Each structure stands twice: as C-alpha cells, then as structure tokens.
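# Reading the structure
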2 protein chains.
Amino acid sequence: MKVNVLGAGRVAGHLANAFVQAGHEVAVWNRGEESLCPIRERLGCLCTTRMEELPKQVDMYIISVKDDVVSDVATQLYGVIGETNAIVAHTAGSLSMDLLKQYFQHCGVLYPMQTFSKDKVLDYTKIPFFVEGNAEVVKQLKCLAEFVSKSVFELDSEHRKYLHLSSVFACNFVNHCFAVSEEILKGIDIPFSVMIPLIEETVDKVSGMSPRDGQTGPAVREDHNIMEAQMELLKDEPRLKQIYQLMSENIIDYKKDK
Amino acid sequence: MKVNVLGAGRVAGHLANAFVQAGHEVAVWNRGEESLCPIRERLGCLCTTRMEELPKQVDMYIISVKDDVVSDVATQLYGVIGETNAIVAHTAGSLSMDLLKQYFQHCGVLYPMQTFSKDKVLDYTKIPFFVEGNAEVVKQLKCLAEFVSKSVFELDSEHRKYLHLSSVFACNFVNHCFAVSEEILKGIDIPFSVMIPLIEETVDKVSGMSPRDGQTGPAVREDHNIMEAQMELLKDEPRLKQIYQLMSENIIDYKKDK
C-alpha cells in the first residue's frame, strides 16, 4: 500500500517505521523540520514540511499528531487535497472518528495501544491495534494493521472511550503508583530498584490469572490494623491518605463481589 | 547453618527451599500437617507438627507464619525451648521486631520482599531481603540471606513500615488498577490480555528511569477535556471517579514538583 503519514512524533515515527518494515510505500509530512530529520535518516523515505509535496496517488493518509491538533491537520489536509477516495484515519485513542467525517468520506481510526518512547525498539507484533470505519475502511485498516500486529480489533469510538479509560488505570495510574512508591522510599533512603522484582512478579501474575484473583495485601485480607497504621504514616499527605483509603475500600468491594 | 523454619505457608515454603538449596540444614514445623506434606516431599527434610521434635542445637529459628499469629507462635516457641542462644527472627514486613524481644535475646527480622505464589518457581537471587537486629544478629541474618539473594539491606522496624507502605502502592494498588482496568474492559467485551503489552512496557520503562519522568496520560499533559470526559464515563462509579480525580491531581502535583 501507499501510505502518507502526517506527523513525526513518537507514534508517527514508530508507525512509519513499522509500515516501511512491512513493505509499504511511505511518505511523511510534519509541520516542523526538526522531527522529520531522524525519520528521513532512518527510513530514507520522502519526508517533507510541505503538505502539497506528498504523493497524490495513495491509499491512505494516517494523521498521527497530538490530540489537540488532529482537527487542524485534518482541515489543512482537506485544504490541500480536497475530496479524496483515499482513506483518512487518525491514531488518537481518545478522539472520536467524527471529527474527520465532515471532510472525508472514507474516514477511520487506527489506534495502536502502546506507550511509545522515542528511541525504544518495540515489538510491533504484540501491540494491539483498534480500527474503526465503514466496512470497506475497516477492511483496509485491518489489512494495514495486520501487516504490523497479530492483535487487531474493530472498535467504535463510543467503546474506544472505555478502552482508553481502562488504559489510564492499567498504565498511567500504575506508573503513578510507582512514582508514589519511589517517593516514599526516598524518605528511608532505599532505591526504587528494590521494588522491581516485586513489580515484575505482580505483572507476571496477571498474564496468567485475573487481577481480581491475584490481589494481595492488607486490604484484601481486611487487615484493618495495618491499614490504619499505614494511613497514619500518610497523615501529612492528605491526598495520598485518601487515595489509600479509597483504593482499599474498592479492593474489599471487589473481593465481596467475586 | 542449622535452621528451623516455623510455618509452611508460601513464604515459609519458599524460604525452606532456598535454604536447602544454599546447603543449610533445615527442619520445618507447622501447626497443620496438610501444608507440611508438599514441603516434606520436595525437600526431604524433617517436617513435624510437634514443635518439641525440632532439632535443639540450631543457629536460627525463622518464624514465617501469618502476621496475626506470629506472636502466638513466638509464645509457643518460648514455652517449648525457653531461653536460647539461637537467633529467633520473623519474616513479616509489617510487624515490628519488638514482639520477639520479650522472649528472645537474639531476636531479628528477615523480610523477603516479594509476592509469593505457592507453586511458582522464583529466582531468589533477585528478591531483596531486609534484615534487622543487634549487630551480631544482623551479621548472621545477612549471612543467611546473602546465600540466597544478591540484594540484602539492613532496615529497622520504623523504616520498614515505610518500605511496606511503598510496596502496597507499587504492588497491591497496582494490581487493583489492573483489576479496575479489567472490569472496564468487560463492559466492552475486550479481554484484559490486550493490556499486557502496554503494562509490560510501562514496567520496562521504570527499570531504566524514574517513574516520575516516565509519566504519560491525560493528567500529566493537563488535558482537562479528556479528564472530564473520562470522569463522566465513571459517573455510576462514584468511588472510582474519586480515585480518578485524586490520582490525576497527584500526577499534576508531582509534575510541578519535579
């Protein structure tokens, strides 16, 4: 396939790389030159800051820019190419497909659910992709995604909101729990690295069983003495104390609910 | 060394196994016969439900039972052996060393920080051990622990409370975030397994950088539109909504605090 990628951030860079690896013909546009350079160097494909220089005869435009400029880039793209038979899809997990509908007949979403770090090599085959669009668009996006990943799902915008919410708990809030843990350890001069084996085991467990069944700790044991004592340690951190209490209550509820 | 292990639960079983592997002479006592059987079969060492049958000339007693019966077992042990020159240590991260002091002169704590599943093979060399006691006890416990693990720290009861609190955030609350994520995914008929690559990447990141620096998501971007929309999705789950809000506020605070 011939694919134009709009954007040169983390997701765009990884996707362009994955598409090239899968044998597609790729061109990349980005507003700024700076982020384009490393992509040009690595992939050797056409990289331009002028949208009108992108190849016209393509199968797909993938808009992969920051959430708050997806709409602007779509407007700009429509200004440059007008109506098109190509598929125009964005990669934003938290945005509806609707904001492309006003300009493009064959619009869609191609959402790779992963936390992308710029210079890190990722195993794309393991990244789940969620696609959305009309039947023909879904077929094409699935085809593109299946070149890259073994795990491709169809999911509409309404359901994708819940997927995104779910990933905020499983990834962003999890990372913040690590940050809180690190902060507490700083106070007793212990490096956060001591937690890594425990963390790895915690994660390892949920590959094989439901996290509900793998819950450990004072809350699930309903050990109120320890919970009280731990909340007392957080007395100078009222917000953390409240988080501790709510999380513990929720753990106990989930246990009863099993 | 000659070590008597009191208890036959997960931690006790793993420790007895690790001690035998390290070449120590081990005997195990447990109140019930049932949990002793698999240990006897696997290790072939003396396993008994009668405390008075344990070898008398030993270097160490390791009390590794549920937190709420450590004190009872210590009392029972004192009743059977009386005053002793052997070291008597418990393995409970959340309990003070003091509850052994009244009976035993050479008391201590040997806390392996890991979440132990019964039938899982663990790499003990990676599990951090935290030891406490007077200088001589610490020396002996360190020696025992260093046979097993590469990561042994001295930490007194007061500081260990914070270590334990830190592990509740990094392990128990993290697992609960996974459980919440799973629950949300159930509603849209997506298996929790789609989250695993994201989770593995999240954990992989914190092996190399501070979790503060690796924070991603709507809160750290201060994307209030998305945060509001996600809290709206949780409107029928007031406690989760509150957790969402507090976690987000804390993420923003940590960012400002950097």
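A short tour of the structure in this document, coming up. None of the values given here were measured: they were computed from a predicted structure. (Residues numbered from 1 in each chain as written. Chains lettered and ligands numbered in written order. Predicted model: local features only at pLDDT ≥ 70, side-chain atom pairs only at ≥ 80, totals over all residues. Heavy atoms only, no water.)

### What about the environment of A:Asp98?
Residue and element names in this part refer to chain A. Counting through the fold element by element, Asp 98 comes out in helix α4 (residues 98-101). By relative accessible area, Asp 98 is classed as partly exposed at 48%. Along the chain, Asp 98 and Ser 157 lie 59 residues apart, while their C-alpha atoms are 8.5 Å from each other. (Helix = DSSP H or I, 4+ residues; strand = E, 2+ residues; numbered from the N terminus. Buried < 20%, exposed > 50% of the residue type's maximum accessible area, 1.4 Å probe, protein only.)

### What to know about the side chain of A:Asn30
All names here are of chain A. Structurally, the position occupied by Asn 30 is in the loop between β2 (25-29) and α2 (36-43). When its relative accessible area of 12% is taken as the criterion, Asn 30 is described as buried. At a separation of 3.2 Å, a polar atom in the side chain of Asn 30 contacts the main-chain amide nitrogen of Ala 8. Among all residues touching Asn 30, those that are not within four sequence positions of it are Gly 7, Ala 8, Ser 35, Leu 36, Thr 48 and Thr 49. (Polar contact = N/O pair within 3.5 Å; in protein donor to acceptor, adjacent residues only side chain to side chain. Contact = heavy atoms within 4.5 Å.)

### Things to note about the interface of chain B and chain A
In this complex, chain B contributes 84 residues to the contact, which on the side of chain A involves 84 residues. Joining chain B to chain A, the criterion identifies eight salt bridges. Between A:Asp67 and B:Arg221 there is a salt bridge, with the nearest N and O atoms lying 3.9 Å from each other. Summed over the shared surface of chain B and chain A, the number is 27 residue pairs in polar contact (both at pLDDT 80 or more). Put simply, the parts of the chain that give the side of chain B that touches chain A at least two residues each are α6 (157-187), α7 (196-208), α8 (224-233) and α9 (238-256) of chain B. With 27 residues, α6(B) is the single largest residue contributor to the side of chain B that touches chain A. (Salt bridge = Lys/Arg side-chain N within 4 Å of Asp/Glu carboxyl O.)

### Some points on the relation of the copies chain B and chain A
Mapping chain B onto chain A calls for a screw motion: a turn of 180° about the axis and a shift of 0.0 Å along it, with 0.0 Å RMSD after fitting. Here the symmetry operator amounts to a two-fold rotation axis. Looking at the rotation axis and the C-alpha trace of chain B, the residue lying nearest is B:Val174, at 2.6 Å. (Least-squares fit on C-alpha atoms with pLDDT ≥ 70 in both.)

### A look at helix α2 (residues 36-43) of chain B
Residue and element names in this part refer to chain B. Inspection of α2 places Leu 36, Ile 39 and Leu 43 among the buried residues, and these make up the whole buried set. Within α2, the buried residues cover an arc of 65° as seen down the axis, which keeps them to one side. Where α2 is buried, its residues contact α1 (10-21), β2 (25-29) and β3 (46-48). (Arc of directions from axis to C-beta.)

### A closer look at unusual backbone geometry
Residues and elements named next belong to chain A. Backbone geometry at Asp 189 places phi at a positive 65°, although glycine is not the residue there. You can see Asp 189 is positioned in the loop between α6 (157-186) and α7 (196-208). Within the chain, Glu 222 stands out as a residue other than glycine whose phi angle is a positive 50°. With respect to the helices and strands, the residue Glu 222 is situated in the loop between α7 and α8 (224-233).

### Concerning the nonpolar core
In this structure, A:Ile63, A:Phe169, A:Met195, B:Phe169 and B:Met195 are the most contacted members of the largest nonpolar core, which totals 127 residues. In contact with B:Met195, not counting residues within four places along its chain, are A:Met113, A:Leu163, A:Ser166, A:Ser167, A:Ala170, B:Ser181 and B:Leu185. (Core = buried A, V, L, I, M, F, W, Y, C linked by side-chain atoms within 4.5 Å.)

### Notes on the packing of aromatic side chains
One pass over the structure, following the stated rule, counts 18 aromatic pairs over all chains. Aromatic pair B:Tyr111 and B:Phe130: ring centres 6.3 Å apart, planes at 35°, arrangement tilted. Taken together, the residues B:Tyr111 in strand β6 (residues 107-112) and B:Phe130 in strand β7 (residues 129-133) connect sequence positions 19 residues apart. Its relative accessible area of 9% is what places B:Tyr111 among the buried residues. Here B:Phe130 falls in the buried class, since its relative accessible area comes to 0%. Clustering of aromatic rings is evident, with ring pairs tying together A:Tyr78, A:Tyr103 and A:Phe104. Across the ring face of A:Tyr254, the terminal group of A:Arg212 is positioned such that the distance to the ring centre comes to 4.2 Å. (Phe/Tyr/Trp six-rings, centres within 6.5 Å; stacked < 30°, edge-to-face > 60°. Lys NZ or Arg CZ within 6 Å of the ring centre and 35° of its normal.)

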